[in-house]
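# Secondary and tertiary structure notes
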Amino acid sequence: MPEWLLMTLVMAGTCVVVVIGAFLNARRLGAGTDPDETPDVLDYMIMMIGVVYAIVLGLAIAGVWEARGAAQDGVRTEAQALHEVTERVSVYPRPVRDRVRDDVDAYVRHVVHTEWKVMLDKGELTDRGAELLTTLRRDVTLATPHSALQAQAYQPMVDQVAAVDEARGARQQSAGPTMPHLVWFGLVLGAALVIGLVFTLQIRRSPRELMLAVMFTALIVFLLFLVWDFDEPFGRAVGDSTTPFTDLFPSARGGS
């Protein structure tokens, strides 16, 4: 199911529940109840709770957004380092050049078509990916330079392979949800509390009040959905964050 459709269904369902709750609450209170009888101190308490929840929700959005940005920067670093290896090895003889480039292509295809799905589903990397990177490191290390130009390219290639290894380790640490379950419990409970406080203010069935209640509820649901969507630093589909690899290595867009 597409994420936008899931968000729409959840938002619509929550808004329907709020509208039904408003009607039932208005029927329970009866027509003779004056909404102005709500104590002023209760208004201030509700306002304070709303402000505190807004701060917490804003921090949650900023946290998952920062985590996603850091994860995607690591992916770009990994892809760019691999691309640098394929470019710098061009000064070597054809057998060495083809072997190193084949190692890079094999690693990229495995990451894009196999490892990425495992990472999204299980939050871990594959042993095969580590083996392919080890093979690339060995072939680059054994590419003994035989000219001044090759000597100039050798150490940068070794450094770029080390950068790939470091970025791969960072990718493994970033795999999986960012938000702890306890924080999610607080966010959902806080959302239910803030929306429930709408009825404390004795929202009636007038179109204006119902519209405000529905808009407020839809906003809370949308922000929670935003946190949920960003909670996966690498997205929820393979194509969401593999673009740096497929842009620099167009051959990886096909099958494995």
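An account of the accompanying structure is given in this report. (Residues numbered from 1 in each chain as written. Predicted model: local features only at pLDDT ≥ 70, side-chain atom pairs only at ≥ 80, totals over all residues. Heavy atoms only, no water.)

### Notes on helix 3 (residues 94-122)
- The terminal C-alpha atoms of helix 3 lie 39 Å apart, and with 29 residues this matches the ideal 42 Å at 1.5 Å per residue to within 8%.
- Its maximal kink placed at E115, helix 3 deviates by approximately 45 degrees. (Helix = DSSP H or I, 4+ residues; strand = E, 2+ residues; numbered from the N terminus. Expected span 1.5 Å × (residues − 1). Bend = angle between axes of the 7 residues up to and from the residue.)

### Concerning the packing of aromatic side chains
- Overall, the coordinates contain 4 aromatic pairs when judged by the stated rule.
- Seen from their ring centres, W116 and F234 are 5.5 Å apart, and the 80 degrees between their planes marks the pair as edge-to-face. With a gap of 118 residues between them, W116 in helix 3 and F234 in the loop between helix 7 (207-230) and helix 8 (243-248) connect regions that are remote in the sequence. For the pair shown, W116 and F234 are each scored as buried.
- Take W116: its relative accessible area is 0%, and that puts it in the buried class.
- Taken together, the aromatic side chains of W116, F234 and F245 make up a single cluster linked through ring pairs. (Phe/Tyr/Trp six-rings, centres within 6.5 Å; stacked < 30°, edge-to-face > 60°. Buried < 20%, exposed > 50% of the residue type's maximum accessible area, 1.4 Å probe, protein only.)

### Describing the packing of helix 3 against helix 4 (residues 127-141)
- It is the contact of helix 3 with helix 4, at a shortest axis distance of 9 Å, that shows an interaxial angle of 165 degrees. Here helix 3 lies roughly antiparallel to helix 4, going by the angle between them. Helix 3 and helix 4 meet at a crossing whose hand is left-handed. From helix 3, R99, V100, D103, V104, A106, Y107, H110 and E115 reach across to helix 4, where they touch R128, G129, L132, L133, T135, L136, D139 and V140.
- Tallied by class, the residues present in the contact of helix 3 with helix 4 amount to 8 nonpolar, 3 polar and 5 charged. (Axes fitted to C-alpha atoms, helices over the stretch in contact; angles between N-to-C directions. Parallel < 35°, antiparallel > 145°, perpendicular 65-115°, else oblique. Left-handed = near helix turned anticlockwise from the far one by under 90°. Contact = heavy atoms within 4.5 Å. Nonpolar A, V, L, I, M, F, W, Y, C, P; charged D, E, K, R; others polar.)

### Quick word on the nonpolar core
- Ranked by size, the top nonpolar core spans 33 residues in total, and within it L82, V108, W116, L136 and F245 carry the most contacts.
- Examining the composition of this core, we find that 10 residues originate from one element, helix 3, more than from any other.
- Formed by 18 residues, the second largest nonpolar core is a distinct cluster that contains Y53, W184, V194 and V198. (Core = buried A, V, L, I, M, F, W, Y, C linked by side-chain atoms within 4.5 Å.)

### Quick notes on the environment of D231
- Mapped onto the secondary structure, D231 falls in the loop between helix 7 and helix 8.
- Contacts of D231, omitting those with residues within four sequence positions, involve V64, G176, P177, T178, M179, W184 and R236.
- Polar contacts involving the side chain of D231 include one to the side chain of W184, which spans 3.3 Å. (Polar contact = N/O pair within 3.5 Å; in protein donor to acceptor, adjacent residues only side chain to side chain.)

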